Amino acid sequence: MTTFILFTAATSGLVSNTHYPNQATITDAAGLEATARFDHVAAEYQGGQRSTHGLVTSNCLVMDIDNDYTENPEDWVTPQHLADLLTDVELMTATSRNHNTSKHGTPPRPRFHVYLPIDPVTYPATYAGLKKSRADRFTFFDAGALDAARFLYGHPAPQVEVFTSSMLVDEWMTRQAETDVFAAFDAATLTIGEGNRNATLSRFVGRVLIRYGDTEQARTLFDRKAALCDPPLPTPELEAIWPSALRFAGRIAKDPTYAKPAVYQELTSLKPDDYTD
């Protein structure tokens, strides 16, 4: 199992606490079981004080599964189910303090935390982005627990499961993203008939520019898409689409939540040389 680092408080169940000074190196189930008895975080923070902007480094993503997205027990996710979905990914799980208990009046169900070793990250936005990318792919992850300063309550007797494999979740997500790109392109290689050409190309190039920016790669994808038009779109109309899409992408880029192409690449690339801003 790939080693990862957690930091614990001296208490358990104290929501007002922000001090997590005690480092724990997790190598096996016994180590996680002992650590998860205390309130803990999966990152080192400046001065040991948990804060969104104070993240120093982390080599573990922690995700939360409460199974509150459905009331059908057949759809509830278990650690084994998760491991089956994340084929070849190393991970550990530990039951949360509300595991198999009623919460907010709902029936008992599996509730647990997921620990995913990653290559070290030193930038809060990158760390939060990695968590969000997992939650975007798998909606059963708690969407309210994706920030860079999330802490986990301790559990007096956590049940730990270990799934040792050959791949970190970073690499797995990169491979999935590459698969998605090819699948999307394959699905988009249908002929674009008259009456749909302008609208189809405009939607397509808008997404491409948001993803890749004003780059040669974006223009190449646009030209390949335009080549599917039958009959071909007249050159003046075709060339008018590109600047219009650039203006649209420029407006999107002003959104504070927008992930610039360079940041997106950092979130999905294999082992970047530098995770800092």
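Before reading on, note that the structure itself is shown above.
My aim in this report is to walk through the structure given alongside it, one point at a time. As the structure is a prediction and not an experimental result, all values here were calculated from the model.

### Here's the deal with helix α5 (residues 197-212)
In step 1: Its 16 residues give α5 an end-to-end C-alpha distance of 22 Å, which sits within 8% of 22 Å, the value for a rise of 1.5 Å per residue.
In step 2: Regarding α5, the residues found buried are R197, T200, L201, F204, V205, G206, V208, L209 and Y212.
In step 3: A positive backbone phi angle near 75° is found at G213, which sits one or two residues after α5.

### Details of the nonpolar core
In step 1: Among the nonpolar cores identified, the biggest contains 50 residues, and L82, V114, Y115, L116 and F141 are the most heavily contacted of them.
In step 2: Listing elements by their share of this core, those giving two or more residues are β1 (4-8), β2 (22-26), β5 (55-65), α2 (79-85), β6 (91-95), β7 (112-121), α3 (124-137) and α4 (169-187).
In step 3: Residues F222, A226, W242 and A245 belong to the second largest nonpolar core, which totals 18 residues.

### Examining the sheet that holds strand β3 (residues 40-41)
In step 1: Reading across from one edge, β2-β1-β3 is the order of the 3 strands in this open sheet, with antiparallel pairing throughout. Because the sheet does not close on itself, it has two edges, and the strands there are β2 and β3.
In step 2: Pairing geometry for β1 and β2, over 5 bridges, is antiparallel. When the sheet's bridge partners are listed, I5 is paired in β2 with T25.

### What about empty space enclosed by the protein?
In step 1: Inspection of the entire model under this criterion finds 2 cavities of 30 Å³ or more.
In step 2: Of the voids in this model, the largest cavity is the one considered here, and its volume is about 80 Å³.
In step 3: Lining the largest cavity are H40, V41, A42, Y45, V62, Y127, K131, D147, A148, R150, F151 and L152.
In step 4: Every element with two or more residues in the lining of the largest cavity is listed here: β3 and α3.
In step 5: Within the lining of the largest cavity, the residues separate by chemical class into 8 nonpolar, 1 polar and 3 charged.

### Regarding the packing of aromatic side chains
In step 1: Under the definition given, this model contains 8 aromatic pairs.
In step 2: An angle of 15° between the planes, with centres 6.1 Å apart, marks the rings of F4 and Y115 as stacked. Within this pair, whereas F4 is found in strand β1, its partner Y115 is found in strand β7, the two being separated by 111 residues in sequence. With respect to burial, F4 and Y115 carry one shared label: buried.
In step 3: Among the aromatic residues, those joined into a cluster by ring pairs are F138, F140, F141 and W172.
In step 4: Taking the ring centre of Y153 as reference, the NZ or CZ of R97 above it sits at 3.5 Å.
In step 5: Above the plane of the ring of F204 lies K225, whose end atom (NZ or CZ) is 5.2 Å from the centre.

Procedures and definitions
- Residues numbered from 1 in each chain as written.
- Predicted model: local features only at pLDDT ≥ 70, side-chain atom pairs only at ≥ 80, totals over all residues.
- Heavy atoms only, no water.
- Helix = DSSP H or I, 4+ residues; strand = E, 2+ residues; numbered from the N terminus.
- Expected span 1.5 Å × (residues − 1).
- Buried < 20%, exposed > 50% of the residue type's maximum accessible area, 1.4 Å probe, protein only.
- Core = buried A, V, L, I, M, F, W, Y, C linked by side-chain atoms within 4.5 Å.
- Pairing = 2+ DSSP bridges.
- 1 Å grid on protein atoms, 1.4 Å probe; cavity = no way out; pocket = protein on both sides within 12 Å on 5 of 7 lines; lining within 4 Å.
- Points joined across faces, edges and corners; volume = space filled by probe spheres on them.
- Nonpolar A, V, L, I, M, F, W, Y, C, P; charged D, E, K, R; others polar.
- Phe/Tyr/Trp six-rings, centres within 6.5 Å; stacked < 30°, edge-to-face > 60°.
- Lys NZ or Arg CZ within 6 Å of the ring centre and 35° of its normal.

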